[in-house]
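Commentary on secondary and tertiary structure
Residue-level listing of the chains:
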Amino acid sequence: MSMTTTTIVMALLALAEGGGAAPLLEKGEKAFRQGDTAGAIAAFDEAAKVDPKDARPHYLKGVALEKKGDNAGAATAYKAAIARKTDFAEAHNNLGALLLARNEVPAAAGEFEAAVKAKPAYAEAQYNLGVARDGLGKKQEAVVAYKEAVRLKPEDAVYRMNLGAALRRTGDVPGALVALKEATRLAPRDATAWTDLGMVLSDSKNYDEAHTALEKATKLKPDFALAWNRLGRVALKRGDIAAAVAAQEKARKLEPKNGAFAADLCRAFIEQKQAPRAVPECKAAVDLDPKNPLAHYELMKALVAKGDCGGAKTANASFKALPVKPAAKEQADEILATCKK
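Throughout what follows, the structure given in this document is the object of discussion. (Residues numbered from 1 in each chain as written. Predicted model: local features only at pLDDT ≥ 70, side-chain atom pairs only at ≥ 80, totals over all residues. Heavy atoms only, no water.)

1. Some remarks on the overall build of the chain
Secondary structure assignment for the chain yields 20 helices and zero strands. Relative to the compact-globule value of 20 Å for 341 residues, the chain shows a C-alpha radius of gyration of 26 Å, a clear excess of over 25%. With respect to the principal axes defined by its C-alpha atoms, the chain has extents near 90 × 35 × 35 Å. Evaluated residue by residue, the chain yields a buried proportion of 49% over its 341 residues. Looking at the chain alone, contacts between residues at least 24 apart form 50% of all its contacts between residues at least 6 apart. Counting every atom, the chain has about 16,500 Å² of accessible surface; 53% of that belongs to carbon and sulfur. Across the chain, the mean location of the 52 positive side-chain charges is 4 Å away from that of the 43 negative side-chain charges. (Helix = DSSP H or I, 4+ residues; strand = E, 2+ residues; numbered from the N terminus. Rg over C-alpha atoms; globule rule 2.2 N^0.38 Å. Buried < 20%, exposed > 50% of the residue type's maximum accessible area, 1.4 Å probe, protein only. Contact = heavy atoms within 4.5 Å. Areas by Shrake-Rupley, 256 points an atom, 1.4 Å probe, with all protein chains shown as cover. Lys, Arg positive; Asp, Glu negative; His and termini not counted. Charge placed at Lys NZ, Arg CZ, Asp CG, Glu CD.)

Below is the structure:
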């Protein structure tokens, strides 16, 4: 997920509504466009003194402070703008974006809600609301916001990508496919769009098409670890074990601290009947992510294949101690029972 913030056409805000502060707002806008952030802030401060009730100087100062890298100051300025104009949609949106960047997700969602209430046709705020709702685990509500953002701005590939990912999380694979195919049409050189499409195609068991999409992603962005990882998973589904190992090794090299990638490489080694290589990978996966059931499960399988029944028993106990389905535990016990020293 990604987030966008608004930088309104400053001249529009500076000149709209008129008022005694307008000349100073125009001066600040000009300074900002010329790269003189300090001069812009000074002009906006003067404008605020001329008309203390005007929300615009505070909002524009917030935009300038963000440009300067002073996010705390920007948040204060946006709050000052909102205090003077409670339905200031742009100020709510930008404040929400700053809160979201600080991982203050509930507060951010509240700001985005206020922004879209004030301006329902505000595509960026609708999109950011979707991001915040995703962060809160409100999957269906996130889809609603993303759909509205796409309706308002249908040519934005990022909006389509996040809609597709959100639909996938709700289990709507057909809907996700539609959104992500359109995202790749709009942004044909975006590796993330092709990776997301590949994952959804894999969900729908279209493994050949998934392979094509994921291979395209790795060519567009050779250092994209997730694309290599998902390409490796699809290669296993297609029965191409050597390709699966090669892809997972690349993902592992790119992100050596990713426990899930280590577990996937271990699994590929097991399928390749390379138990001696699988065991250290699975142990690394367990060390990197002790709460990942797949890591413990694959380690147990690797130890069974190696003939280390004692180690396999310990790994199985660790696996069963995690919150996994009873059927998975039964399957693990069946595999352990096949262990021969």
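2. Quick notes on the pattern of salt bridges
Throughout the structure, instances matching the rule amount to 21 salt bridges. A salt bridge links Arg-133 to Glu-141; the shortest N-O distance between them is 3.8 Å. Residue class for Arg-133 comes out buried when judged on its relative accessible area of 13%. What makes Glu-141 partly exposed here is its relative accessible area of 39%. The closest approach of N and O atoms between Asp-208 and Arg-238, which form a salt bridge, is 3.0 Å. Here the residue Asp-208 occupies a position in helix H13 (residues 207–220), and Arg-238 occupies one in the loop between helix H14 (225–237) and helix H15 (241–254), the gap between them amounting to 30 residues. Salt bridges here are not isolated pairs; linked through shared partners, they connect Glu-113, Arg-133 and Glu-141. (Salt bridge = Lys/Arg side-chain N within 4 Å of Asp/Glu carboxyl O.)

3. Here's the deal with the environment of Ala-244
Its location among the elements puts Ala-244 in helix H15. Counting along the chain gives 27 residues from Ala-244 to Glu-271, while the straight-line C-alpha distance between them is 9.5 Å. Not counting the four nearest positions on each side in its chain, Ala-244 is found in contact with Gly-232, Ala-235, Leu-236 and Ala-268.

4. Focus on helix H19 (residues 309–320)
Under the 1.5 Å per step criterion, the end-to-end length of H19 is 16 Å for 12 residues, consistent within 8% with the ideal 16 Å. Those residues of H19 not exposed but buried are Cys-309, Ala-312, Ala-315, Asn-316 and Phe-319. Around the axis of H19, the buried residues are gathered within 120° of arc, so they sit on the same side. Exposed side of H19, more than 90 degrees from the buried face: Lys-313 and Thr-314 are the residues found there. (Expected span 1.5 Å × (residues − 1). Arc of directions from axis to C-beta.)

5. A short note on the packing of H19 against helix H20 (residues 326–337)
For the pair H19 and H20, the least separation of the axes is 10 Å and the interaxial angle reads 180°. With respect to H20, the axis of H19 lies roughly antiparallel. Along its contact with H19, which presents Cys-309, Ala-312, Lys-313, Asn-316, Phe-319 and Lys-320, the element H20 presents Ala-328, Lys-329, Ala-332, Asp-333 and Leu-336. A class-by-class count of the residues in the contact of H19 with H20 yields six nonpolar, one polar and four charged. (Axes fitted to C-alpha atoms, helices over the stretch in contact; angles between N-to-C directions. Parallel < 35°, antiparallel > 145°, perpendicular 65-115°, else oblique. Nonpolar A, V, L, I, M, F, W, Y, C, P; charged D, E, K, R; others polar.)

6. A closer look at the environment of Leu-167
Its place among the elements puts Leu-167 in helix H10 (residues 157–170). Sequence-wise, Leu-167 and Lys-139 are 28 residues apart; in three dimensions their C-alpha atoms are separated by 8.2 Å. If we skip the residues at most four places from it in the chain, Leu-167 touches Val-143, Lys-147, Asp-172, Gly-175, Ala-176 and Ala-179.

7. Looking at the nonpolar core
The biggest cluster of nonpolar side chains holds 74 residues, and the ones touching the most others in it are Tyr-59, Tyr-78, Leu-100, Tyr-146 and Leu-163. Residues within four places of Leu-163 in sequence aside, it is in contact with Val-143, Tyr-146, Lys-147, Val-150 and Ala-179. (Core = buried A, V, L, I, M, F, W, Y, C linked by side-chain atoms within 4.5 Å.)

8. Thoughts on H10
With 14 residues, H10 should cover 20 Å at 1.5 Å per step; its first-to-last C-alpha distance of 20 Å lies within 8% of that length. Along H10, the residues that are buried comprise Ala-157, Tyr-159, Arg-160, Met-161, Asn-162, Leu-163, Gly-164, Ala-166 and Leu-167. Buried residues belonging to H10 abut helix H8 (123–135), helix H9 (139–152), helix H11 (173–186) and helix H12 (191–203). For H10, the N-terminal cap is Asp-156; the gap from its side-chain oxygen to the backbone nitrogen of Val-158 is 2.9 Å. (Polar contact = N/O pair within 3.5 Å; in protein donor to acceptor, adjacent residues only side chain to side chain.)

9. Some thoughts on the packing of aromatic side chains
Going through the model one piece at a time under the given rule, you end up with five aromatic pairs. Ring geometry for Tyr-59 versus Tyr-78: centroids 5.7 Å apart, planes at 40°, classification tilted. On the criterion of sequence distance, the pair formed by Tyr-59 in helix H4 (residues 56–68) and Tyr-78 in helix H5 (residues 71–84) is long-range, its members being 19 residues apart. Each member of the pair Tyr-59 and Tyr-78 is classed as buried. Ring geometry for Tyr-127 and Tyr-159: centres 4.6 Å apart, planes at 20°, overall stacked. (Phe/Tyr/Trp six-rings, centres within 6.5 Å; stacked < 30°, edge-to-face > 60°.)

10. Section: the state of the cysteines
If you walk through the whole model with that rule in mind, you get two disulfides. Each sulfur of the disulfide joining Cys-266 and Cys-282 lies 1.7 Å from the other. Judged by the torsion about the S-S bond (-90°), the Cys-266/Cys-282 disulfide is left-handed. Of this pair, Cys-266 sits in helix H16 (residues 259–271) while Cys-282 sits in helix H17 (residues 275–288), placing them 16 residues apart in sequence. The buried category is assigned to Cys-266, whose relative accessible area is 0%. Shown here is the disulfide that connects Cys-309 with Cys-339, its sulfur atoms set 2.2 Å apart. Residues Cys-309 and Cys-339 are joined through a disulfide that is left-handed, its torsion about the S-S bond being -100°. With a gap of 30 residues between them, Cys-309 in helix H19 and Cys-339 in the segment after H20 connect regions that are remote in the sequence. The two residues Cys-309 and Cys-339 agree in class, both being buried. (Disulfide = S-S within 2.5 Å.)

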